[in-house]
Amino acid sequence: MGRHCQMVMGPAGSGKSTYCATMMTHCQNTGRAVHLVNLDPAAEHFEYPPSIDIRELITLEDVMEELDYGPNGGLIYCMEFLLNNIDWLEEELGDFEDDYLIFDCPGQIELYTHFPIMRRVCETLQRWNFMVCGVYILDSQFVQDTAKYFSGVMTATSAMINLEIPHINVMSKMDIVLKRATMEELEQYFDPDPLLLVEDANSATRPKFYNLNRAIARLIDDFSVVSFIPLDITNEDSIDYVMSSIDTAIQYGEDLEPKEPREDGGDGDDE
Ligand SMILES: Nc1nc2c(ncn2[C@@H]2O[C@H](COP(=O)(O)OP(=O)(O)OP(=O)(O)O)[C@@H](O)[C@H]2O)c(=O)[nH]1
Ligand SMILES: [Mg+2]
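These numbers come from a predicted model, not from an experiment.

Conventions we followed
- Residues numbered from 1 in each chain as written.
- Chains lettered and ligands numbered in written order.
- Predicted model: local features only at pLDDT ≥ 70, side-chain atom pairs only at ≥ 80, totals over all residues.
- Heavy atoms only, no water.
- Helix = DSSP H or I, 4+ residues; strand = E, 2+ residues; numbered from the N terminus.
- Buried < 20%, exposed > 50% of the residue type's maximum accessible area, 1.4 Å probe, protein only.
- Core = buried A, V, L, I, M, F, W, Y, C linked by side-chain atoms within 4.5 Å.
- Contact = heavy atoms within 4.5 Å.
- Expected span 1.5 Å × (residues − 1).
- Polar contact = N/O pair within 3.5 Å; in protein donor to acceptor, adjacent residues only side chain to side chain.
- Patch = residues over 30% accessible without salt bridge, like charges linked within 9 Å, V, L, I, M, F, W, Y side chains within 5 Å.
- Areas by Shrake-Rupley, 256 points an atom, 1.4 Å probe, with all protein chains shown as cover.
- Salt bridge = Lys/Arg side-chain N within 4 Å of Asp/Glu carboxyl O.
- Pairing = 2+ DSSP bridges.

K.L.:
Which residues make up the environment of Gly-2, and what values go with them?
P.N.:
Position of Gly-2 relative to the elements: it lies in the segment before strand E1 (3-9). Sequence separation of Gly-2 and Met-154 is 152 residues, and the distance between their C-alpha atoms is 32 Å.

As structure tokens, this is what we get:
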């Protein structure tokens, strides 16, 4: 059967690791064999111990200490080191041939938008027959400030265009914003109509930025590829909805049915 994974990306603190832990619990509760892969060389704490961990290959701390790099340059060094030693990942992944994998990634968005690093990781996974779904996490607290929200939409778009893989955007931490706003009020941010939202942006900026706000809104509107699925981790239906959207994006489950034992005793795999 095909191999499937989620590549969980997004800005620092947007909720990637919390999302991964939530999905791990969900998979375990629904009987899906799942493993966490940590690709963050600076990670410190995990709710679920990762089955594969880049820190066994390289850690940011060592790079900063031994090569005298700062945290951002050090992270790029670590990720390039991973690419140059990609056999390590291939070998580690070999232990989980048929399992569902969730990759927790670092929060430096330049990895997805400026550098080809994550793109090359994804291409390599695809070469190894993985169906990869990009999951871009944006903090729902961004909706309180339209300018911030626009920048979040543009980074999500940029990641999506750069990676060229099936992709969904998730708006995290809905439990927090739902204390202050209703789902109906927030809906305009899930499937954004930037030309409407520009009014909000104008009211928060000085007149000299109006033209810029409008130009950015038009750009987002022209691409019109970004929508967000809200995720409230306290609501099982919400978690389930995100999971099924990802399953649809990478056709997970469609190849599960033929997995019945064959008469010749084979397991249905070609290899
Ligand atoms: N209430 C609430 N808090 C959340 C949620 N998701 C994340 N948080 C909190 O937000 C903070 C950051 O969450 P993380 O999951 O560590 O975010 P991250 O994107 O992995 O962060 P980095 O790895 O540092 O980039 C933590 O304090 C979490 O407890 C959520 O859905 N609801
Ligand atoms: Mg994290």
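K.L.:
Kindly report on unusual backbone geometry, identifying the contributing residues and their values.
P.N.:
The phi angle at Asp-68 is positive, at roughly 60°, despite the residue not being glycine. Along the chain, Asp-68 turns up in the loop between helix H2 (60-67) and helix H3 (71-84). One non-glycine residue, Gln-251, lies in positive phi territory at about 55°. Relative to the elements of secondary structure, Gln-251 occurs in the segment after helix H12 (236-249). Given the relative accessible area of 40%, Gln-251 is considered partly exposed.

K.L.:
Now, about the nonpolar core: what can you tell me, with residues and values included?
P.N.:
With 39 residues, the main nonpolar core has Met-7, Leu-39, Met-79, Leu-93, Phe-103, Met-118 and Leu-125 as its most contacted residues. The element contributing the most residues to this core is H3, with six residues. Setting aside anything within four residues of it in sequence, one finds Met-118 in contact with Met-7, Leu-39, Met-79, Cys-105, Leu-111, Tyr-112 and Leu-163. Counting 27 residues, the second largest nonpolar core, distinct from the first, contains Cys-133, Val-135, Ile-229 and Met-243.

K.L.:
Give a description of helix H7 (residues 146-163) that names residues and reports values.
P.N.:
Helix length check: H7, at 18 residues, gives a terminal C-alpha distance of 26 Å against a target of 26 Å (1.5 Å per residue), a fit within 8%. Listing the buried residues of H7 in full gives Thr-146, Tyr-149, Phe-150, Gly-152, Val-153, Thr-155, Ala-156, Thr-157, Ala-159, Met-160 and Leu-163. The backbone nitrogen of Ala-147 lies 3.0 Å from a side-chain oxygen of the residue at the head of H7, namely Asp-145. Just downstream of H7, Glu-164 is the residue with a positive phi angle, here 50°.

K.L.:
So what about a nonpolar patch on the surface? Which residues, and what values?
P.N.:
The grouping of Ile-161, Leu-219, Phe-223 and Val-225 at the surface amounts to a nonpolar patch, some 340 Å² of accessible area in total. Taking relative accessible area as the criterion, Leu-219 reaches 41% and is therefore assigned partly exposed.

K.L.:
Got a sec to walk through the pairing of strand E4 (residues 100-104)? Specific residues and values, please.
P.N.:
Across a regular strand the side chains alternate sides, sitting on one face of the sheet and then on the other. Across the five residues of E4, five count as buried, placing the element largely inside the fold. Here E4 shows two buried faces, one formed by Tyr-100, Ile-102 and Asp-104 and the other by Leu-101 and Phe-103. Looking at chain direction, E1 and E4 are connected through four bridges and run parallel. Across the sheet, residue Cys-5 finds its bridge partner in E4, namely Leu-101. When strand E2 (residues 34-38) meets E4, the two strands line up parallel, connected through five bridges. In the sheet register, His-35 faces E4, and the bridge partner there is Leu-101.

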